[in-house]
Amino acid sequence: MADGAAHAVLRWGLAALLYGAGAVVCWLRVIVVGRDRLAWTLLAVGVTLYVAGSVITVADGSADTESAPLAAHLGWLLFYPCAYAGLVVLARATLRPFTLAFALDGILLALALAAVAAAALVPQFGDDFATMDLIAGLSFPAGDLLLLGFSLWIALLAGWHTSPMWRLLVYAFALLLVADVGLAVQATTSTFGEDAISSTSYPLGLALIGVAAWQERGRTRELRADVTALLVLPACAVAGALLVLVVGEPLGLASAAEYLCFAVLVLAFIRMALVAGHLIGLQEGKRFERGFEEATIGMAIIDEHLRWVRVNPALAALLGATPRALTGGSVLDATPDHLHALSRQAFAETLRTGDPIIDERGQLVRRDGRRVNLLVTGSVIEGDDGAPQFFAQLRDITAELRADRRTEAVARLTRAALDEPDIGALMREFSEVVKGALPARLAAILVTDGADEDTRVASATGPVDAQLQRDVGRSNGQRAHTIATGLPVVVNDLPSEDRFVPSRWLLDAGIHRTLSVPVTSREGTSAVLAAHRGPDDPEFGTDDVRFMEAVANVLASALERADAEAEHRHLALHDPLTGLANRTLLAAHMDHALAAAERQDGRVALLLVDLDRFKGVNDTMGHSVGDQLLATVADRLRHHARGGDLVARLGGDEFVVVFDAVASVHDVVHVARRLLAAIAEPIEIAGRELDVTGSVGIVVADGAGGDPEGLLRDADVAMYRAKADGGGRYELFDADLRASVLDRLAVERDLRRAVERGELALHLQPLIDLERQRPVGFEALVRWDRPGHGLVSPASFIGVAEETGLIVPVGDWVLREACRQIAALNATAEEPILLSVNLSARQLTEDLILAVRSALTAEGLAPELLTLEITESFLIEEHGAMAVLDAVRELGVSLALDDFGTGYSSLSALQRHAVDTLKLDRTMVSSVATSATAAAVARAAVEMAAALGLDVVAEGIEDVEQLRIVRELGCQVAQGYLFARPMPAADAAAYLRGESWSGAFAAALPSR
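Residues numbered from 1 in each chain as written. Predicted model: local features only at pLDDT ≥ 70, side-chain atom pairs only at ≥ 80, totals over all residues. Heavy atoms only, no water.

Looking up the protein chain in an unreviewed UniProt entry gives the name EAL domain-containing protein, with the organism given as Svornostia abyssi.

Right under this line is the structure:
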């Protein structure tokens, strides 16, 4: 009795304590520990259900009987699927890979054992038990065996000694199996006793489950199983089921055994399908493993705690480590410090959302401290333990980013080369970009200005001192070697370099690696682009050379552009023949000089230099000699002018010297004399010695009252005064000259309105036929009835009209009015009256053709009655003008060569451009009566005209002796005061009707 009482106490007192402890401990494990929470939740639910079944039994009062309530059996039975599901989840966390097929193996085995038991026991004892007792008697031991076998299998695979959790679980399920088997034996032998020692195994087993909850399950291990191992257990279960069906059929198999056998077969079929899928997965896994291990880009699997679960060799090499060294370590160990918080946040967000990462940029740190730029692509996957993991592909894009940076750098420099006008700023930008894009400690541009010895560091991104300047200029240094070879020079160990003498400054600065490339343009190598690194920096490689060559090409283009722009600016501001400043630069300089003089209350002087008789040099020796003469004079002016004074060429043979600051007029005159003396020195050109003189006009003005155009105009007036006085001298612009200038300005102002106001008048001077002794025509001569001055002669305004261009509208008016007046005279004359009209050089454009045709047509005047007079200079200089006159002559109009004998006649030009009449100048005619030489020249001219078939008109006949001589010389026509002064058109008609000219012939001709 004492033993029975002790057993009862142990069973019910201690059992209650152990039942409760086991359940509570399991739930505490779920609440406190996060790891494997799902698995222990399932186990805690199972233990709780088991305890609930026991509590129901005690409450029902059947604890001491053989039969328990249905609810108690249900609680006990539900313990097994919950516990088995929890073990499966734990197994998946312990062994990898672990599939559902492995979980079915235990169920298959349990069902097969249950079928065997049903086939063996039910026919023998089925009639003695109730249905629930029968089910319990078969199910509980089978479930215990299932849990025991499964946990024992996992414990052995995970490591018996290294997995205390699995070891305790094995002990716990073994106790439950012992208790249920003992209970089943008691039931079959009808020896049930409430104080049986086997009953104490239940609370001890559940208590051990609670203890196991707080033990380590060990490290996750890789599950390696071949096909045979995968098929042994299910094959045994199927074989047992088939054996029961085959052997038990003749013996009268119970229906429960049949149902269990059919369940085994169906579950085995499902198991086979799962195994097939697993095998396919294994094959895919092998392919993945092979691809993972052999991939050339980095791959990794990262768990939710940012630990490396798996790393392939490519990623390990990228990080300067081995896969084994990285596995299990933290990803943050290879992450830059400032990115830790961001990395945690971003990774947690990725795991939460499950969104894939596509081509995101990141950085990791190698074991040697260097940073690697990566392009990350990955997605969230499920780990073998069901926890989320991240599969990442990491591609090293450091080289790509460096190439992109360099490409962008070259593009940036290309834009700068086109936009930056300051070559110094451009070189500084080139140096800075090269230093940053390579990278390098020092980048420099070494520019050669002419000879090799004149070399300088044009730009550098580091300190530059005199020693470095001397080093780069040496003929045996790296710069000279680069230029000599014309190729990039790469040096990765400068102290041991023997191709050239290394720069001592670079060595002292700790430079061990250098790269230099020539900057070569169409003109040759004008610079060297160099970059330098220290001993701990990477060596210069092929990519570095390519980048430097690309930059050097852009730099060469930039230097070419700068040279071209400088040349363009020079050409835009300088005369191409002499290299002196042109009008544009002269005007800008004069504005600046006048402004400075105004600020400083100073004066500015301007010297206008014009070569005397330069036209004769061009006419007789050719324009090439004239150009050489101008270039020589320009050099002399530049050499003898004061330092800082501007020497410019206005055009033709005119030069200007500007004095920015004038202390006294005496100083200006002194320089003018020096310039005249320099010009007068003999000049040898093409083996011939030329004597040239110049005329200088000087104007001195205050800054406040001067303007560039006004000073040039005043100097021009003074220069022409010097030239009028014989040349080879200077003239200082003064008050008298200023009055003359003001008078000319007034003439110009009034003349502009003269045509509009009808102030011009036309006078006609008769042309007398010496053979017929009567007038045959008139020369039209313009007069100006200027308000306040009366009728003024052409001498007072034609010069101004020529200079200002007003001669064109004046000449057009003269042509139209002369045609109108001669047409009116012809209307009443007995025979045709001829008309001669003078032309200015400014009129000889294509517009003249239209003007002549329009005037003739408007008045109905025949073209052959009109003669246009030109001077000799047109035959020599104005080739375009003569083309216009040739076209006018084709209209039927005659041409007369006026003032013949006063200029530089060209007989060849006279032959090329046909004229109809020569007019001997009045200066020649006035001398024929007193000078035998003049008479001989006049006779030669008349004879030449006769030989060419030209008529000759003698101008300026003022006395009967001149008339007699020119008539004897053979002149056909004459005009002059002897016959009549120029007269208005109304007087011309009366002149034709009278015979006032006959007296002159009567006096000149001998009586008969």
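Draft legend 1. View of the sheet that holds strand 4 (residues 308-311). Strand order in the open sheet formed by five strands is 4-3-7-6-5, and the pairing between neighbours is antiparallel. Looking at which strands have only one partner, the edges of the open sheet turn out to be strand 4 and strand 5 (357-365). Neighbour to neighbour, the strand axes of the sheet diverge by 30° on average, direction disregarded. Both strand 3 (residues 298-303) and strand 4 contribute to a ladder of three bridges, which runs antiparallel. Among the inter-strand pairings, Ala300 is bridged to a residue of strand 4, identified as Val311. Together, strand 5, strand 6 (371-382) and strand 7 (388-396) form the strand contacts of helix 13 (residues 398-419), whose direction differs from that of strand 6 by roughly 130°. (Pairing = 2+ DSSP bridges. Helix = DSSP H or I, 4+ residues; strand = E, 2+ residues; numbered from the N terminus. Axes fitted to C-alpha atoms, helices over the stretch in contact; angles between N-to-C directions. Contact = heavy atoms within 4.5 Å.)

Draft legend 2. Quick peek at the pattern of salt bridges. Per the stated rule, a full pass over the model turns up 35 salt bridges. With a closest N to O distance of 2.3 Å, Arg395 and Glu400 form a salt bridge. Residue class for Glu400 comes out partly exposed when judged on its relative accessible area of 37%. A single network of salt bridges, built from pairs that share partners, joins Arg749, Asp750, Arg753 and Arg786. (Salt bridge = Lys/Arg side-chain N within 4 Å of Asp/Glu carboxyl O. Buried < 20%, exposed > 50% of the residue type's maximum accessible area, 1.4 Å probe, protein only.)

Draft legend 3. Spatial organisation of helix 34 (residues 960-969). Of all the residues in helix 34, the buried ones are Gln962, Leu963, Ile965, Val966 and Leu969. The N-cap residue of helix 34 is Asp959: its side-chain oxygen and the backbone nitrogen of Glu961 are 3.2 Å apart. (Polar contact = N/O pair within 3.5 Å; in protein donor to acceptor, adjacent residues only side chain to side chain.)

Draft legend 4. Looking closely at the packing of helix 2 (residues 37-60) against helix 3 (residues 70-94). Between helix 2 and helix 3, whose axes approach to 7 Å, the crossing angle comes to 165°. One element, helix 2, and the other, helix 3, form an angle in the roughly antiparallel class. Crossing geometry of helix 2 relative to helix 3 is assigned as left-handed. Here the contact of helix 2 with helix 3 is built from residues that sort into 20 nonpolar, six polar and no charged. (Parallel < 35°, antiparallel > 145°, perpendicular 65-115°, else oblique. Left-handed = near helix turned anticlockwise from the far one by under 90°. Nonpolar A, V, L, I, M, F, W, Y, C, P; charged D, E, K, R; others polar.)

Draft legend 5. Spatial organisation of the pairing of strand 21 (residues 774-786). Most of strand 21 is tucked away, with eleven of its 13 residues classed as buried. In this sheet, strand 21 lies alongside strand 20 (residues 760-769) in antiparallel orientation, the contact comprising ten bridges. Directly across from Ile768, in strand 21, lies its bridge partner Pro775. The antiparallel hairpin formed by strand 20 and strand 21 contains four residues in its connecting segment, where Gln773 sits at a positive phi of about 60°. In the sheet, strand 21 pairs with strand 22 (residues 790-792) via three bridges, with the strands oriented antiparallel. Note that in strand 22 the partner of Trp784 across the bridge is Val792.

Draft legend 6. Region of the structure containing the packing of aromatic side chains. Counted under the stated rule, the structure contains eleven aromatic pairs. Between the aromatic rings of Trp160 and Tyr171, the centroid separation amounts to 6.0 Å while the plane-to-plane angle is 80°, which identifies the pairing as edge-to-face. Of this pair, Trp160 sits in the loop between helix 5 (131-158) and helix 6 (164-189) while Tyr171 is found in helix 6, placing the two residues eleven residues apart along the sequence. Looking at Trp160, the relative accessible area reads 23%, which means it is partly exposed. Pairing Trp784 with Phe797 gives two aromatic rings, centres 5.5 Å apart and planes at 80°, and the pair type is edge-to-face. A residue pair is termed long-range when its members are at least 10 positions apart, and Trp784 in strand 21 and Phe797 in the loop between strand 22 and helix 26 (798-804) qualify at 13 residues. Phe797 matches Trp784 in its accessibility class, with the two residues each being buried. Ring pairs connect the aromatic residues Tyr50, Trp76, Phe79, Tyr80, Phe140 and Tyr202, which therefore count as one cluster. Taking NZ or CZ as reference, Arg981 lies 3.9 Å from the ring centre of Tyr977, over its face. (Phe/Tyr/Trp six-rings, centres within 6.5 Å; stacked < 30°, edge-to-face > 60°. Lys NZ or Arg CZ within 6 Å of the ring centre and 35° of its normal.)

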